[in-house]
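# Fold and contact review
The chain contents come next:
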Amino acid sequence: QVQLVESGGGLVQPGETLRLSCAASGSISSIVSMGWYRQAPEKRRELVASITRGGSTKYVDSVKGRFTISRDNTKNTVYLEMNNLNAEDTAVYYCNAATVLMPKLTPYDYWGQGTPVTVSS
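### Let's talk about the side chain of Ser 50
Within the secondary structure, Ser 50 is located in strand S5 (residues 46–52). On the accessibility criterion, Ser 50 (16% relative accessible area) is buried.

### Overview of unusual backbone geometry
Note the cis peptide between Met 102 and Pro 103, where omega equals 0 degrees. At Glu 42, a position not held by glycine, the phi torsion is positive, near 60 degrees. Along the chain, the position of Glu 42 falls in the loop between strand S4 (31–39) and S5. When its relative accessible area of 87% is taken as the criterion, Glu 42 is described as exposed.

### Some points on the environment of Val 100
Here Val 100 lies in strand S9 (residues 91–101). Given the relative accessible area of 26%, Val 100 is considered partly exposed. Placed 28 residues apart in sequence, Val 100 and Asp 72 show a C-alpha to C-alpha distance of 21 Å. Leave out the neighbours within four places in its chain, and Val 100 touches Ser 30, Val 32, Leu 105 and Thr 106.

### As for the packing of aromatic side chains
This model, assessed by the stated rule, comprises two aromatic pairs. Each ring, one from Tyr 37 and one from Trp 111, has its centre 4.9 Å from the other, and the planes form 65 degrees; the classification is edge-to-face. Linking Tyr 37 in strand S4 with Trp 111 in strand S10 (residues 106–111), this pair joins segments that are 74 residues apart in sequence. With relative accessibility at 37%, the residue Trp 111 sits in the partly exposed group. Note on Tyr 108 and Tyr 110: the rings are 4.9 Å apart at their centroids and 65 degrees apart in plane angle, and the pair reads as edge-to-face.

### Some points on the pattern of salt bridges
Pairs can form between side chains of opposite charge whenever their charged atoms are close. A complete count under the given rule lists four salt bridges for this structure. In this structure, Asp 61 engages Lys 64 in a salt bridge whose closest nitrogen and oxygen atoms are separated by 3.0 Å. The partner of Asp 89 in a salt bridge is Arg 66, with the nearest N and O atoms 2.9 Å apart. Placement of the pair is Asp 89 in the loop between strand S8 (77–82) and S9 and Arg 66 in the loop between strand S6 (57–59) and strand S7 (67–72), with a sequence separation of 23 residues. Given the relative accessible area of 13%, Arg 66 is considered buried. Among the ionic contacts, a cluster of salt bridges with common partners joins Arg 38, Glu 46, Arg 66 and Asp 89.

### Things to note about the state of the cysteines
Scanning the entire structure with this criterion turns up one disulfide. There is a disulfide in this structure between Cys 22 and Cys 95, and the S-S distance comes to 2.0 Å. What sets the handedness of the Cys 22 and Cys 95 disulfide is the S-S torsion sign, and at about -85 degrees it is left-handed. Highlighted residues: Cys 22 in strand S3 (residues 18–26) and Cys 95 in strand S9, separated in sequence by 73 residues. Accessibility classification places Cys 22 together with Cys 95 in one group, the buried group.

What counts, and where the lines are drawn
Residues numbered from 1 in each chain as written. Predicted model: local features only at pLDDT ≥ 70, side-chain atom pairs only at ≥ 80, totals over all residues. Heavy atoms only, no water. Helix = DSSP H or I, 4+ residues; strand = E, 2+ residues; numbered from the N terminus. Buried < 20%, exposed > 50% of the residue type's maximum accessible area, 1.4 Å probe, protein only. Contact = heavy atoms within 4.5 Å. Phe/Tyr/Trp six-rings, centres within 6.5 Å; stacked < 30°, edge-to-face > 60°. Salt bridge = Lys/Arg side-chain N within 4 Å of Asp/Glu carboxyl O. Disulfide = S-S within 2.5 Å.

Have a look at this one:
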């Protein structure tokens, strides 16, 4: 079992910055990667950024150069720093933890409750 607690969303104007946080607890050793997804109104959920256990990162093209995913292993927390936000970034952002279940290494995803980000003038 993994529990994810998100924070940091809100209402901002274009060009401003937000930092999202996701604190994980429970079976931390089962997590192989963590990431941030987002779902805009009437859109499908998409992967924004991810970071593996080894520290490799990946970003969707639309946020490259603006967003940075990072982690603090001492706090079991993953961050998403979102710079120069624009209206297209408006969505509900969900923290994700990808785990494997014993004994067969079965993939299983855990999700946070979602934190809304609205970028509007």
